[in-house]
Every structure is written in structure tokens, then in C-alpha cells.
Amino acid sequence: MSAYHPLTEQEAVQIAGSLEGFFPAGAALQCREIGDGNLNLVFHITDPASGKSLIMKQALPYAKVVGESWPLTLDRARIESEKLILEGELAPGLVPVVYKFDAELSLTIMEDLSDHVIMRQGLIAGTRYPKFADDISTFIARTLFFTSDLGMNQQDKKNRVKSFINPELCKITEDLIFDDPYTNSPNNSFDPAIRDAAEALWQDNELHLEVAILREKFLTNAQALLHGDLHTGSVFVTPASTKVIDPEFAYYGPIGFDIGAVIANLFLNFAGQEHWSADQRQRNDFRRYLTDTVRDVWNLFDKKFRALWDEYGLDRIASTTPGYKDYYMNRLLQDAIGFAGCKIVRRIVGLAHVIDIDRIPDAAVREKAQRLALTIGTSLIRNNRTAQSIEEIIDAALSEAGK
């Protein structure tokens, strides 16, 4: 295959057929391009005779959601492949297996997860995932602890930071999450019905202070190697399995950002239940499930991260100084709450929204969900530095939903 170019389905079939030892010789492979994200081509390759299948993901040199006017580095494909492989080592069974990475084509060939569903779609359908909180807390605890100064040699960590410098994709986050929603940016996108709420964001200097503090942490705090985009569209699930995908935004940043992304997307679905639940009783019940999941994600993460620290902590003073561990974990909670708020706000007034809310057909119901999400998001931002418990944000969300 020649130097980099976007693959056709026919070329994808040729590459898949050449993968040594995967498909039977001479298999009549079928291919569909299924990418529905913003940045990549995704090919689903199947052999109906053997039942075997795989996924091929190719980075494009621009943001697909905008076009060639928004160029992007192809090195993100290397970052994603290396991060997936590392995640597979640190959190076995919780990410797809990588079969091959082709640097020239910016192409990753990996396990097909067609027997799973995208969690965002599952939640919209009202499905509950009893293993999710346990699985995702294991994933974030292990991938973050063992890439931090607490869990790996600190000089080795500095060298790893160099491998995951990801300035272009970080720039997307820096602008779309921590800047554009708080000013009249051409990148913003929101329903005219909530223009008053958007304009209120632009004028709220107290809120801007909290966002500026969180933005500084995202810019400067290289605590651990993040997934960087850990929303419910980047998680494939069944009731018995969880698989995290798409870590192309990976970089060394604040641990709370990954945790906050999970929490934010559970709250976005919480707001969307204005439509997706059939009646008030069902709505209250499913929202309780979502807030129980928020609670479990944080509490299980806290428990597992502390246990890893106790058993594998390499930093003497961090491990032996009384009170430091509690200080550190409370700071992570506060960061997670603040980042969750920022992630919620951008999904309502920023460039890329979520189908949990955008696909609500009734304009009045959609507006109610949008306003609820903004109220929750801004509350999390405002109160992040004083929060002492995950219960505080759960109680606040349930209170707002009950109004």
C-alpha cells in the first residue's frame, strides 16, 4: 500500500486480508465504513463464513465534523494505538485488543466489539449496566495510578510524558471546553430558545474564575496519562462487559478530568430523561440509577486508587506523610466535580452536542433538558473547590430535577 491517503473500502479489505493468521485464506471479506465520530474513518470487516471480524480505524488529517479547513495531526493515531496497548496491560479486558498499527497509514487494526453497544445509546434506550461502575472505576484507577508519580518511577514518567505530547487535540479541549462556551464564540452552537442562558454564561465573572482555575489545571497539571475523552460514546458495554475505546486525546493531565468526563455524561443522560423516560415514576427511577452510578464510580475509584497506593506506591513522602492521601483524594474529587461541570456546559452551548439531549424531538422538552443540564453543570463548576463529598452533587442534581 502506498503512502498515507484515506482508504477506500476495497483497500481496507485488502489490508484486512493480509493480516497474518486472522482470516482464513481466500475469505470473501465484506466491509462497511461505519465511522460516526468527528475525526476518523472506521471500517468494519467481516468474514460471514468463519464469523470472524475486526475494526480498522484510520485517522484523517482534518476534523471530519468541520472538513479540511480544520487540519489535524496524524500522530494522534500513534498516540491512540500506544495508549490502547498500555491500557490493555494496566486494565486487562477493559479495552479492545490491538492487532496491528500501521504508522504510514495512521491505521489501527483492533478487536471488533459489535456484540457490545455504545453506552450512550444503551442509556437512551433505558438499559442498565450493573458492571459498569465497577469496571470503569477499575479502568480509571489502574490507568491513572500506574502512569502517575505515585505508581511509576518518576524519571520514567517524565520520559513517557514526551511520548504523549498531544498539542493539537489538547487545543480542541482547551478551546471547546474551557473557553468558547464562556464567550460569544463562532464555534458555539445552541438552540435559540436558550440564548438567554448562553448569554448569561458569557457575563458570569464568578463562573469564569472557576473555569479559569480548572483550565489552568488542564494546561499545566501533568498528574497522569489520561484517556482524555472518556464519555459514554467512548465506552462499549453489555450488562456483563465494559470496553473503553478512542483514547486519541490521550495526554498527561489532571486525574480529575477523566473522572469528571464519566460523571458529566451520566448527568447529561440524567437531564435527557425529560424525554427518554415514559412517565414521572420511570424518570425518577432511572435518574436514581444514574446518580447511584455516579456515586459508585467515585466511591469505587477512591477505594481502588487508595488500595493501589497502599500496595504499590513508590513515592516515600507521599505514602508515609499523615493526612496527605486524604488531601490528595479530596482534591481529585473537587477537580472531577469541576471538570464534570465544564464538560456538561460545553455539550449544551458548544460545538459538539450529545444525542441524549439533541435527539429529543419536542422542542419544549428539549429546552427543559438543556436548561436542567446547564443548571447542573454550572452548579458543579461553582462549587467544585468547596465540595467535600460526592453526595453534595448528587443531592443538588436531584433537587434541580425535582423543581
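Residues numbered from 1 in each chain as written. Predicted model: local features only at pLDDT ≥ 70, side-chain atom pairs only at ≥ 80, totals over all residues. Heavy atoms only, no water.

## Some details on the overall build of the chain
This is how the line gets drawn: We count a stretch as a helix when DSSP gives it H or I for four or more residues in a row; a strand needs E for two or more, and each element gets its number in order from the N terminus. C-alpha atoms define the radius of gyration in this analysis, and the globule rule sets the expected value at 2.2 Å times the number of residues to the power 0.38. Accessible area is worked out with a 1.4 Å probe on protein chains only. A residue is then buried under 20% of its type maximum, exposed over 50%, and partly exposed in between. Throughout, a residue-residue contact means that at least one pair of heavy atoms, one from each residue, lies within 4.5 Å.
Along the chain, the regular secondary structure elements total 15 helices and 12 strands. Against the compact-globule benchmark of 22 Å for 403 residues, the chain has a radius of gyration of 21 Å, which places it among compact chains. Overall, the C-alpha framework of the chain stretches about 60 × 55 × 40 Å when taken along its three principal axes. Burial analysis of the chain (403 residues in total) assigns 56% to the buried set. Of the contacts formed within the chain by residues at least 6 apart in sequence, a portion of 72% connects residues at least 24 apart.

## Section: empty space enclosed by the protein
Going by this rule: A pocket here means an open set of points on a 1 Å grid, computed over the protein atoms alone, that has protein on both sides within 12 Å along at least five of seven lines. A cavity is instead a set of points where a 1.4 Å probe fits but cannot get out; residues with an atom within 4 Å of a point line either one. Grid points are joined across faces, edges and corners, and a volume is the space filled by probe spheres set on the points. Amino acids outside the nonpolar list (Ala, Val, Leu, Ile, Met, Phe, Trp, Tyr, Cys, Pro) and the charged list (Asp, Glu, Lys, Arg) are all regarded as polar, and Gly is one of them.
On inspection of all chains with the given rule, the structure shows three cavities of 30 Å³ or more. When its volume is computed, the largest cavity comes out at roughly 40 Å³. The residue makeup of the lining of the largest cavity, split by class, is six nonpolar, two polar and no charged. As for the second largest cavity, its lining consists of N40, K57, Q58, A59, A77, E80, S106, T108 and E248. In terms of residues, the lining of the second largest cavity owes the most to one element, strand β3 (residues 53-59), which gives three residues. For the lining of the second largest cavity, a count of residues per class yields two nonpolar, four polar and three charged.

## A word on helix α1 (residues 9-17)
Let me state the cut-off plainly: Throughout, the arc means the angular range of directions from the helix axis out to the C-beta atoms.
Every buried residue belonging to α1 is among E11, A12, I15 and A16, and all of these are buried. When α1 is viewed along its axis, its buried side chains cluster within an angular range of 140 degrees and face the same direction. Of the surrounding secondary structure, the elements contacted by the buried residues of α1 are β1 (30-33), β2 (40-46), β3 and β7 (107-111).

## Let's talk about the sheet that holds β7
To keep things clear, this is the line we draw: Pairing between two strands requires that DSSP report at least two bridges joining them. Here an axis means a line fitted to C-alpha atoms, over the contact stretch when the element is a helix, while the angle between two N-to-C directions is reported on a 0 to 180 degree scale.
Taking strand neighbours across the sheet as the criterion, the five strands line up as β1-β2-β3-β7-β6 in an open arrangement whose pairing is antiparallel. In this open sheet, the two strands that pair with only one neighbour each are β1 and β6 (98-102). On average, adjacent strands in this sheet sit at an angle of 20 degrees to one another, irrespective of strand direction. Taken together, the four bridges between β1 and β2 define a ladder with antiparallel strand orientation. If you follow R32 over to β2, its bridge partner there is H44.

## Re the nonpolar core
Nonpolar side chains tend to gather and get buried jointly when the protein is soluble and globular. Our working definition: Buried Ala, Val, Leu, Ile, Met, Phe, Trp, Tyr and Cys residues form a nonpolar core when they are joined through side-chain atoms within 4.5 Å.
In terms of nonpolar packing, the biggest core is built from 103 residues, with F267, F301 and F305 touching the most fellow members. A total of 13 residues in this core trace back to one element, the largest contributor, which is helix α12 (residues 324-349). Leave out the neighbours within four places in its chain, and F301 touches S137, I140, A141, I255, I259, D296, M329 and L332. Judged by nonpolar contacts, the second largest core, of 19 residues, contains A12, L60, Y62 and I109.

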